[in-house]
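Topology and contacts: notes
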Amino acid sequence: MSIPSSSPERELSCGSVPHLECPSSPSGMDPDPSSTGSPVLSPDSSSHDAALSAPAASPADSENLSPDELELLAKLEEQNRLLEADSKSMRSMSGSRRNSGSSLVSSSSASSNLSHLEEDTWILWGRIVNEWEEWRRKKDKLLKELIRKGIPHHFRAIVWQLLGNATDMPVKNQYSELLKMSSPCEKLIRRDIARTYPEHEFFKGQDSLGQEVLFNVMKAYSLVDREVGYCQGSAFIVGLLLMQMPEEEAFCVFVRLMQEYRLRELFKPSMAELGLCIYQFEYLLQEQLPELNVHFRSQSFHTSMYASSWFLTLFLTFLPLPVATRIFDIFMYEGLEIIFRVGLAILQYNQTDLIQLDMEGMSLHFQKVIPHQFDSCPDKLILRAYQVKYNPKRMKKLEKEYTTIKNKEMEEQIEIKRLRTENRLLKQRIETLEKVMTCNKCMNGQVTRAQEAEENYVIKRELAVVRQQCTTASESLEKAQDTIRELQQQRYTEPFVSNLQTQLEQSRLREAELLGALKEMQDKVLDLEKRSSCLPDENNVAALQEEVKQMKLRELETLRSFREMQDTVAELNQRWQVARGSGGHWKESPKKNAMNELQDKLMTVRLREAQAQAELREVKLKALQLESQNQIHSKLIGRHEQERSALQDRLQMLANQNKALQAQLNEMKRKQAESDCKVWLNSRGNKEISE
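Residues numbered from 1 in each chain as written. Predicted model: local features only at pLDDT ≥ 70, side-chain atom pairs only at ≥ 80, totals over all residues. Heavy atoms only, no water.

Turning our attention to the pattern of salt bridges. Within the structure shown, the criterion is met by 22 salt bridges. Glu186 is the partner of Lys219 in a salt bridge, and the nearest nitrogen-oxygen pair spans 3.5 Å. Remark: Glu186 occurs in helix α10 (residues 186-193) and Lys219 occurs in helix α11 (residues 209-224); sequence separation between them is 33 residues. One salt bridge in this structure joins Glu265 and Lys268, with 3.5 Å as the shortest N-O distance. Each of Asp225, Glu227, Arg264, Glu265 and Lys268 takes part in a single network of salt bridges with overlapping partners. (Salt bridge = Lys/Arg side-chain N within 4 Å of Asp/Glu carboxyl O. Helix = DSSP H or I, 4+ residues; strand = E, 2+ residues; numbered from the N terminus.)

Right, let's get into the side chain of Asn216. Along the polypeptide, Asn216 turns up in helix α11. Every residue in contact with Asn216, bar those within four places of it in the chain, is listed here: Tyr175, Leu179 and Glu247. (Contact = heavy atoms within 4.5 Å.)

On to unusual backbone geometry, then. Positive phi, close to 55°, is recorded for Asn165, a residue that is not glycine. With respect to the element layout, Asn165 can be found in the loop between α8 (156-163) and α9 (171-180). Of note, the phi angle at Met271 is positive, near 50°, even though the residue is not glycine. As for its placement among the helices and strands, Met271 is situated in the loop between α14 (263-267) and α15 (272-288). Since its relative accessible area comes to 11%, Met271 is described here as buried. (Buried < 20%, exposed > 50% of the residue type's maximum accessible area, 1.4 Å probe, protein only.)

What follows covers the side chain of Arg148. Residue placement: Arg148 occurs in helix α7 (residues 140-149). In this structure, Arg148 is in contact with Arg326, Ile330, Glu334, Ile382 and Tyr386, ignoring residues within four places of it in sequence.

Our focus in this paragraph is the confidence of the model for the protein chain. Mean pLDDT over the protein chain works out to 75, with 74% of the residues at or above the 70 mark. Across the protein chain, helix α19 (residues 337-349) holds the top mean pLDDT of 93, while helix α4 (residues 87-92) sits lowest at 35. With pLDDT under 50 throughout, residues 82-114 is counted as low confidence; its partners more than four residues away or in other chains account for 44 contacts. Long-range and interchain partners of residues 584-588, a stretch whose pLDDT sits below 50, account for six contacts in this model, where long-range means more than four residues apart. (pLDDT = per-residue confidence, 0-100.)

Looking now at helix α13 (residues 247-260). With 14 residues, α13 extends 20 Å between its outermost C-alpha atoms, agreeing within 8% with the 20 Å of an ideal straight helix rising 1.5 Å per residue. Among the 14 residues in α13, ten count as buried, and that is most of the element. Turning to α13, its buried residues number three or more, namely Glu247, Ala250, Phe251, Cys252, Val253, Phe254, Val255, Arg256, Leu257 and Met258. Those residues of α13 hidden inside the fold are in contact with α8, α9, α11, α12 (234-244), α14 and α18 (321-334). Looking at the residues trailing α13, positive phi occurs at Arg262, about 70°. (Expected span 1.5 Å × (residues − 1).)

Looking now at a positive patch on the surface. The grouping of Lys393, Lys396, Lys397 and Lys400 at the surface amounts to a positive patch. With respect to the element layout, Lys393 can be found in helix α23 (residues 392-489). (Patch = residues over 30% accessible without salt bridge, like charges linked within 9 Å, V, L, I, M, F, W, Y side chains within 5 Å. Areas by Shrake-Rupley, 256 points an atom, 1.4 Å probe, with all protein chains shown as cover. Lys, Arg positive; Asp, Glu negative; His and termini not counted. Charge placed at Lys NZ, Arg CZ, Asp CG, Glu CD.)

Where α19 contacts helix α22 (residues 378-385), the two axes come as close as 8 Å, and the packing angle between them is 105°. Between α19 and α22, the crossing angle belongs to the class labelled roughly perpendicular. The segment α19 lies against α22, with Arg341, Val342, Ala345, Ile346 and Tyr349 engaging Lys380, Leu381, Arg384 and Ala385. For the contact of α19 with α22, a count of residues per class yields six nonpolar, no polar and three charged. (Axes fitted to C-alpha atoms, helices over the stretch in contact; angles between N-to-C directions. Parallel < 35°, antiparallel > 145°, perpendicular 65-115°, else oblique. Nonpolar A, V, L, I, M, F, W, Y, C, P; charged D, E, K, R; others polar.)

By size, the foremost hydrophobic cluster in this structure holds 111 residues, and its most contacted members are Leu257, Leu263, Tyr306, Trp310, Phe311, Phe328 and Leu347. Of the residues forming this core, the biggest block, nine residues, is contributed by α18. Not counting chain neighbours up to four residues away, the residues in contact with Trp310 comprise Phe281, Phe315, Phe318, Ile339, Gly343, Leu347 and Phe366. (Core = buried A, V, L, I, M, F, W, Y, C linked by side-chain atoms within 4.5 Å.)

To continue, consider the packing of aromatic side chains. All chains considered together, the criterion is met by 27 aromatic pairs. Summarising the aromatic geometry, the rings of Tyr261 and Phe331 are spaced 5.4 Å apart at their centres and angled 45° between planes, so their arrangement reads as tilted. You can see Tyr261 sitting in the loop between α13 and α14 and its partner Phe331 sitting in helix α18, a full 70 residues away along the chain. Its relative accessible area of 0% is what places Phe331 among the buried residues. Look at Tyr349 and Phe374: their rings are 5.1 Å apart centre to centre, the planes differ by 55°, and that puts the pair in the tilted class. Linking Tyr349 in helix α19 with Phe374 in the loop between α21 (359-369) and α22, this pair joins segments that are 25 residues apart in sequence. Within the aromatic cluster, the residues linked to one another by ring pairs are Phe281, Phe296, Phe301, Tyr306, Trp310, Phe311, Phe315, Phe318, Phe340, Phe366 and Tyr390. Across the ring face of Phe215, the terminal group of Arg190 is positioned such that the distance to the ring centre comes to 3.6 Å. (Phe/Tyr/Trp six-rings, centres within 6.5 Å; stacked < 30°, edge-to-face > 60°. Lys NZ or Arg CZ within 6 Å of the ring centre and 35° of its normal.)

Here it is, written out as structure tokens:
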């Protein structure tokens, strides 16, 4: 996700922000380090913040404080009351710190009191740093309140390292080796370096020291965590760390932030944690500012349009650097909770103005107006932030809900991917089938063309045969015409006429014989067709043959069972004979006699049963034999069928011969008629000549 690299110092017209009266820094130092050229920030309003609202120690905390600490806290509270009472002094200190390099406080008494307060604050934070473990164990609540009031500038480097537990990290020893390696993200880092704090003196210029050390830290982390690599927005966090500490220490703190403060999940390529933060922030917005939420929805002004950079850069690209640094102090101790609180506080403060604007107006309001509303008084923003309702348990429930929703979406995406894969495979199969169908069409076309060529060749051959026959017929016709002309020129004698009559009679006799033979063949064909209709078709014959094979197998099994049964019967008969032969010994007692009789009856029944089974086997054997005969008959039927087809072929041949004979007979009749006609003409001509 791309984060706009905007300057922390934004242009603002004088009349665009309402005047906020708030005490400014008593030291009068500029928060912008460009005035000194140092790579770290000058002290901001942190000193007087601790004086203005130094927390009163609770009874539980006061028991753990030493007398010196209690005296120091009493002095802080006293100076706070003095500042609140002296309203004129507070108004005189509310001038701009950016355009002045010295204190604007006119009251010497107030300046003296605040200088003592600053000195006491330094003493307190020096003691906190030296006794850090004891403060974290016993005075954690007091430490939290002091951090909310602002860490003094010169203590930020060490306190941030202590808060992040980044003082002694093994990765610090690897830093110099990492710089010697090459990272795949170097081009991206170089491209974005110039857009990170472009107006800050430390990072201004292409070859400036700030840009070089920022590049080193970002490159080193991209090698340590290759899954995240480099992401836009992280450079602003590293830049803020480099304003406070050397690059090795900034690298260690950044590694700890990524590992322990959820930043790594925010900067992963999937940015799943950013989606969760946006989801939780939308819930808080809907719950605490429902009217503004409805207005955002009506204008399609999505939460990610303005809140994404808040979570990714911790307000470093949205608010002025001194205000964002105060928020970063609290973030180092409390985590992302302060981002939710500050975001809701900003929306709550601007709710009235935002509701009256459209989408474009709201975008301009977020860019031009909101960032400079708390320039002179960051405490007012932090105070509003801690008035926002924030329930960690509810946030955990929202995290579970979001995880459930994302899991369902993931399952749906997996199902969609599976369906898309199946769709792609189906498309490939369809394309393959279309190609196969095209090939089949081409092959069918080739086959069709081959068949047409073959048919054309056959037709040409038939045409050649017909032409040959036509030529032969023409020659025969010419010969017949020559014969007719010769006959017309000659006179027919009586032997010639009688010979023609004899040939005519013989032709008629052959015709009668052929007609009789044709009738007989037709009768035979009808008889064969009747017999064929009674016979089973080829499918039934095949089924019968299959059944015959099965019956043969059953017959073999029955014969084996029958032989076994015969052996059993023989064995039973032997036992029976033995039992009958030893019957004299059964008369020893009545019980034994009854037992023997029962055994006798049992043996008789078994013999009958065996005989019945043997008879059944014989019946089955006969059935198998009948089935074998049926198979033989089926084969005979097949043979008859073959004979019938042969007779049909012969009948067809005879019919063709009959047609040929009939044609010859007609030709002979024609010739006979011509002969009769010629004879009659010749006889008539002779009569005319004789007359």
